[in-house]
Amino acid sequence: MDPTLIYKALSNETRSQILQWLKNPEDHFNEACYLEQGLTFRTGICVGDIQKKSGLAQSVISSYLCTMQKAGLLESERIGKWTYYRRNEQTIQEFAAYIKNQL
């Protein structure tokens, strides 16, 4: 875990929002579409759905997701031509412990 990368990733409001959306995806995304494909939110959320929710260009969202993944905040899984993102709870917990113990 690199706290500096995490701080940088969280310094952008949209990236922070994405992390919040992925915490409770059932509150922010349509699960029926995933169930129709035999998937659940445990797989993650498709880049396209995150892009639609944000209202930003897909290239911007892809860049944001890459930044967050490099910081260890997200994990991804590619299924067919789609990539699904979910929170990396282990890193988030480690970062929370770091904040608690170091600051």
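All of these numbers come straight from a predicted model, not from anything done at the bench.

A. Quick peek at the UniProt feature "domain: HTH arsR-type" (unreviewed entry) in the protein chain. When the UniProt feature table is mapped to this numbering, "domain: HTH arsR-type" (unreviewed entry) covers residues 1-103. Counted over residues 1-103, helix gives 58% and strand 14%. Its end C-alpha atoms are 16 Å apart.

B. Structural context of the pairing of strand β3 (residues 82-87). Here strand β1 (residues 45-46) runs beside β3; their pairing, made up of 2 bridges, is antiparallel. Looking at the pairing, Cys46 lines up with Tyr84 of β3. Sheet analysis places strand β2 (residues 74-79) next to β3, joined by 6 bridges and oriented antiparallel. If you follow Arg78 over to β3, its bridge partner there is Thr83. Where β2 folds back onto β3 in an antiparallel hairpin, the turn is made up of 2 residues, including Gly80, whose phi is positive at roughly 65°.

C. Representation of the sheet that holds β1 in the model. Read across the sheet, 3 strands follow the order β1-β3-β2 without closing on themselves; strand pairing throughout is antiparallel. The open sheet has two edge strands with one neighbour each: β1 and β2. Against the sheet, helix α2 (residues 13-23) engages β1, β2 and β3, with an angle of about 85° to β3. The strands that helix α5 (residues 58-70) touches are β2 and β3; relative to β2, the one it contacts most, it runs at about 120°.

D. The arrangement of the nonpolar core in detail. Counting residues in hydrophobic clusters, the biggest one holds 25 residues, and the most contacted among them are Ile18, Ile50 and Leu65. Residue assignment for this core shows that the elements contributing at least two residues are α1 (3-10), α2, β1, α4 (47-54), α5, β3 and α6 (89-102). Beyond its immediate chain neighbours, meaning those up to four positions away, Ile50 contacts Ile18, Trp21, Leu22, Phe29, Ile45, Ile61, Leu65 and Tyr85.

E. Structural detail: the pattern of salt bridges. Applying the stated criterion to the full structure yields 3 salt bridges. Notably, a salt bridge pairs Glu75 with Arg86, separated by 3.3 Å at the nearest N-O pair. Separated by 11 residues along the polypeptide, Glu75 in strand β2 and Arg86 in strand β3 bring together distant segments of the chain. Here Glu75 falls in the partly exposed class, since its relative accessible area comes to 31%. Between Arg87 and Glu89 there is a salt bridge, and its shortest N-O distance comes to 2.6 Å. Judged by relative accessible area, which is 14%, Arg87 ranks as buried. Members of the salt-bridge network, linked through shared partners, are Glu75, Glu77 and Arg86.

F. Representation of α5 in the model. In this model, α5 (13 residues) spans 18 Å end to end at C-alpha, consistent with the 18 Å of a helix rising 1.5 Å per residue. Among all positions in α5, only Ile61, Tyr64, Leu65 and Met68 are buried. The buried residues of α5 occupy an angular sector of 100° when the element is viewed end-on, so they sit on one face. In this structure, α5 carries Ser59 and Lys70 as exposed residues pointing more than 90 degrees from its buried face. In this fold, the buried residues of α5 make contact with α1, α2, α4, β2 and β3. Phi for Gly72, located one or two positions after α5, is positive at around 90°.

Rules of the game
- Residues numbered from 1 in each chain as written.
- Predicted model: local features only at pLDDT ≥ 70, side-chain atom pairs only at ≥ 80, totals over all residues.
- Heavy atoms only, no water.
- UniProt positions renumbered as here; feature names shortened; annotations may be inferred.
- Helix = DSSP H or I, 4+ residues; strand = E, 2+ residues; numbered from the N terminus.
- Pairing = 2+ DSSP bridges.
- Contact = heavy atoms within 4.5 Å.
- Axes fitted to C-alpha atoms, helices over the stretch in contact; angles between N-to-C directions.
- Core = buried A, V, L, I, M, F, W, Y, C linked by side-chain atoms within 4.5 Å.
- Buried < 20%, exposed > 50% of the residue type's maximum accessible area, 1.4 Å probe, protein only.
- Salt bridge = Lys/Arg side-chain N within 4 Å of Asp/Glu carboxyl O.
- Expected span 1.5 Å × (residues − 1).
- Arc of directions from axis to C-beta.

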